[in-house]
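What follows is each chain in one-letter form.
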Amino acid sequence: MSTLVLEGRAARAAWLEEIRATLWLAWPMVLTNVAQTGMTATDIMMMGRLGANTVAAGALGANLYFAPLMFGLGLMLATSPMIASELGRRRHSVRDIRRTVRQGLWSALAVSVPMWAILWNAEAILLAMGQQPDLSAAAGEYMRMLMWGILPFYGYVVLRSFISALERPGWALAIVFVAVGFNVLANWCLMFGHLGFPAMGIAGSGLATTLSNLLMFLGLAAVVSYDRTFCRYHVFGRFWRADWPRFRALWRLGLPIAAMVAFEVTIFNVSAFLMGLIDAPSLAAHAIALQIASISFMVPLGLGQAVTVRVGRAYGAGDAGGVARAGWTAYSLSLAFMSVMALTMFAFPRELIGLFIDVNDPANTAVLAIGVSFLAYAALFQIVDGAQAVGSGMLRGLHDTTVPMIFAGIGYWGIGLPLGALLAFRFGFGGVGIWIGLSTGLAAVALLLLMRWLMRPRPQRVSP
């Protein structure tokens, strides 16, 4: 048998093995992300039973909440490539893994405190932005219950990154599904006053999510403390011992990730505030369309998290071929899935919107009509949204975070937001103009990230 045939078979086997490994690692991450988004979707669905104004207030509060939340989340995500590259360099490393996890938890506390101070004043912030007083007041009540869930959520993300880098993400999936069920029950009790609980309305939804986040953290903390795969790392050992070199290293890698995530999330947040300046039906329709798009986005997001681990391990080992296979495998899987989701949004917009509101209720006629038009544009950016999510994960595995951050700033705030605002208010496109701007910004970032990946240098072994 010729050498070329043998090499071809070996190459096919390597690619098939990478597909298998990526899917095996990614599917629990995808379902975990879907379940976490399901908690937010549940909140919105149950708010819908209290009326369109409650949905609008919840959307305002949630968008204000997600801006700082996602910035801190980006910082927590730095733990994943750091752990993955260390395992690629030294498969049985323990002490350095523990150092990274511990400083990830320290960072969670460090960023939560200022966020609490900001979000406590949510009503005043929304009023200063020109939002309606009644919606701002309801959003403020929601936020004063929701904000306390930030710290346990971050702690959960750090521990999830730890077990995912060890390619054992199944526990995170199991725990988050329990939390989703708990969140549904807690919303039902606290929002509507069932089982002897007070009817807290929208504030009850915020409290339910906080309690669900606490449940996720405590559950995963128990797993990493007692499961044989994880307990040997003693991630909570000497927790209060300072480790400033590792703390600084995590922030050097994590701050650009945090900024990149913040650039993306805040453009969607600002788009919601702009929708609020148009009218309440546009804001409610925007919240629903974004929620639908967010659910499909969980798949490329999970693939992006998985590819960070796969690329990071190959990068730590200095394996250029492994880096390429890991990156292109996840990228191709993402494009295929998001193409299917784009077709689904084009074909069944009314049915998708009907998951969130009663489409046969005459009071929801305006929201339905606007939501259908928004979903058409959400379908258009599905492919580029998936491409940028996986592209950033690929580069994150290479510890390449600063340049992607710059790309995100250019694409989202230099192109997407100005174009959307111009089309919406200058040329009279309304909410559709904002969605055109969002699509264009995502496409620009996806293209820039792909170019950066194509120009990546050959990896060397990561130094200790």
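Look up a bit, the structure's there.
The residue count restarts for each chain, going from 1 along the sequence in the order it is written. Reporting in this predicted model follows two pLDDT cut-offs: at least 70 for local features of residues, and 80 or more for side-chain atom pairs to be given and counted; totals over whole chains, interfaces and linings ignore these cut-offs and use all residues. In computing side-chain properties, one takes all heavy atoms of the structure into account and sets aside hydrogens as well as water.

### Focus on the overall build of the chain
- Secondary structure summary: the chain contains 18 helices and zero strands in total.
- Throughout, radius of gyration means the C-alpha value; the globule benchmark is 2.2 Å times the number of residues raised to the power 0.38. The C-alpha radius of gyration computed for the chain amounts to 22 Å, which stays within 12% of the reference 23 Å derived for 464 residues, consistent with globular compactness.
- Projected onto its principal axes, the C-alpha positions of the chain cover 70 × 50 × 35 Å.
- Taking all 464 residues of the chain together, the buried fraction comes to 57%.
- Contact definition: two residues touch when any of their heavy atoms are within 4.5 Å. When contacts within the chain are restricted to residue pairs at least 6 apart in sequence, long-range pairs at least 24 apart make up 83% of them.
- Accessible surface computed for the chain: about 18800 Å², of which carbon and sulfur atoms make up 68%.
- When charges are counted, Lys and Arg contribute as positive and Asp and Glu as negative, whereas His and the chain ends are disregarded. A charge is said to be at NZ when it belongs to Lys, at CZ for Arg, at CG for Asp and at CD for Glu. Across the chain, the mean location of the 31 positive side-chain charges is 15 Å away from that of the 20 negative side-chain charges. Secondary structure is summarised from DSSP: a helix means a run of H or I of at least four residues, a strand means a run of E of at least two, and numbering begins at the N terminus for each. Buried, partly exposed and exposed residues are distinguished by accessible area as a fraction of the type maximum, computed with a 1.4 Å probe on protein chains only: under 20%, between the cut-offs, and over 50%, respectively. Here the Shrake-Rupley method, with its probe set to 1.4 Å, supplies the accessible areas, and only the displayed protein chains count as covering residues.

### Some details on the side chain of S205
- Along the polypeptide, S205 turns up in helix α9 (residues 202-226).
- Counting of polar contacts relies on pairs of N or O atoms within 3.5 Å, with two restrictions inside protein: one atom must be capable of donating a hydrogen and the other of accepting it, and residues adjacent in sequence are counted only when both atoms are side-chain atoms. One polar contact links S205 to N187, side chain to side chain, over a distance of 3.1 Å.
- Ignoring any residue separated from it by four or fewer positions in sequence, one finds S205 in contact with D43, M47, Y142, N187 and M191.

### Quick look at the pattern of salt bridges
- Salt bridge, as used here: a side-chain nitrogen of Lys or Arg that lies within 4 Å of a carboxyl oxygen of Asp or Glu. Across all of its chains, the model carries eight salt bridges by this definition.
- For R89, the salt bridge is made with E86, and the minimal N-O distance between the two is 2.8 Å. In this pair, R89 and E86 are both assigned in helix α3 (residues 79-89), three residues apart and thus about one turn of the helix distant. For the pair R89 and E86, a shared accessibility class is recorded, and that class is buried.
- Across the pair R246 and D96 runs a salt bridge, and its minimum N-O distance is 2.9 Å. Residue R246 is located in helix α11 (residues 244-278), and its partner D96 is located in helix α4 (residues 95-119); the two are separated by 150 residues in the primary sequence.
- Taking the relative accessible area as the measure of exposure, D96 reaches 12% and is therefore buried.

### Some details on a nonpolar patch on the surface
- Residues forming no salt bridge and having over 30% relative accessible area are the ones grouped into patches, like charges within 9 Å of each other and nonpolar side chains (Val, Leu, Ile, Met, Phe, Trp, Tyr) within 5 Å. Where nonpolar side chains cluster on the molecular surface, the patch consists of V178, F182, L211, L214, L215 and L218 and spans about 480 Å² of accessible area.
- The set of elements that each furnish at least two residues to the nonpolar patch consists of α8 (170-192) and α9.
- Per-element tally for the nonpolar patch: the top contributor is α9, with four residues.
- With respect to the secondary-structure elements, L215 resides in helix α9.
- We classify L215 as partly exposed; its relative accessible area is 32%.

### Side note on the environment of V309
- By the element assignment, V309 lies in helix α12 (residues 280-317).
- For V309, a relative accessible area of 0% puts it in the buried group.
- Remark: the alpha-carbon pair of V309 and A326, spanning 17 residues in sequence, is separated by 9.2 Å.
- The residues contacting V309, other than those within four sequence positions of it, are L25, S80, A84, S164, A165 and E167.

### Side note on the packing of aromatic side chains
- Ring pairs shown here join Phe, Tyr and Trp side chains whose ring centres sit within 6.5 Å, with only the six-membered ring taken for Trp; geometry is labelled stacked below 30 degrees between planes, edge-to-face above 60, and tilted in between. Evaluation of the coordinates by the stated rule reveals 13 aromatic pairs.
- Between W116 and W148 the ring centres are 5.2 Å apart and the planes differ by 50 degrees, which places this aromatic pair in the tilted class. One end of the pair, W116, is in helix α4; the other, W148, is in the loop between α6 (133-146) and α7 (150-165), and 32 residues separate them in sequence.
- Grouped by ring-pair contacts, the aromatic residues W106, W244, F247 and W251 constitute a single cluster.
- One Lys or Arg, R144, reaches over the ring of W120 and ends 4.0 Å from the middle of that ring. As a reminder, the over-ring test applies to NZ of lysine and CZ of arginine, requiring each to be within 6 Å of the ring centre and within 35 degrees of the ring normal.

### Comments concerning the environment of F346
- Inspection of the secondary structure puts F346 in helix α13 (residues 320-347).
- On a C-alpha basis, the gap between F346 and L380 in space is 8.8 Å, while along the polypeptide they are 34 residues apart.
- In this structure, F346 is in contact with A376, A379 and L380, ignoring residues within four places of it in sequence.

### As for unusual backbone geometry
- At E167, a residue that is not glycine, the phi angle is positive and equals roughly 60 degrees.
- Within the fold, E167 resides in the loop between α7 and α8.
- One non-glycine residue, H234, lies in positive phi territory at about 50 degrees.
- Counting through the fold element by element, H234 comes out in the loop between α10 (228-231) and α11.

### A word on the packing of α3 against α12
- For the pair α3 and α12, the least separation of the axes is 7 Å and the interaxial angle reads 40 degrees. Between α3 and α12, the angle falls in the class oblique. Handedness of the crossing formed by α3 with α12: right-handed. Residue-level contacts link S80, P81, A84, S85, L87, G88 and R89 of α3 to T308, V309, G312, R313, Y315, G316 and A317 of α12.
- Amino acids outside the nonpolar list (Ala, Val, Leu, Ile, Met, Phe, Trp, Tyr, Cys, Pro) and the charged list (Asp, Glu, Lys, Arg) are all regarded as polar, and Gly is one of them. For the contact of α3 with α12, a count of residues per class yields six nonpolar, six polar and two charged. Axis angles are defined between N-to-C directions and span 0 to 180 degrees, where every axis is a line fitted to C-alpha atoms and, for a helix, only to the segment in contact. For classification purposes, an angle smaller than 35 degrees is called roughly parallel, one larger than 145 roughly antiparallel, one from 65 to 115 roughly perpendicular, and anything else oblique. In this scheme the handedness of a crossing depends on how the near helix is turned from the far one: anticlockwise by less than a right angle means left-handed, clockwise means right-handed.

### Notes on the nonpolar core
- Note on terminology: a nonpolar core comprises buried Ala, Val, Leu, Ile, Met, Phe, Trp, Tyr and Cys residues joined through side-chain atoms within 4.5 Å. The biggest cluster of nonpolar side chains holds 138 residues, and the ones touching the most others in it are V101, Y154, F162 and W435.
- Ranked by the residues each element gives to this core, the list is headed by α12, at 16 residues.
- Ignoring anything within four residues of it in the chain, the contact list for W435 reads M275, H286, A289, L290, F374, Y377, A378 and F381.

### Topic: the packing of helix α16 (residues 382-397) against helix α18 (residues 431-454)
- Interhelical geometry of α16 versus α18 gives an angle of 35 degrees and a closest axis separation of 8 Å. Seen along the crossing, α16 lies across α18 with a hand that is left-handed. Only S439, L442, A443, V445, A446, L449, R452 and W453 of α18 make contact with α16, whose side of the interface consists of V384, D385, A387, Q388, G391, S392, M394 and L395.
- Tallied by class, residues from the contact of α16 with α18 come to 10 nonpolar, four polar and two charged.

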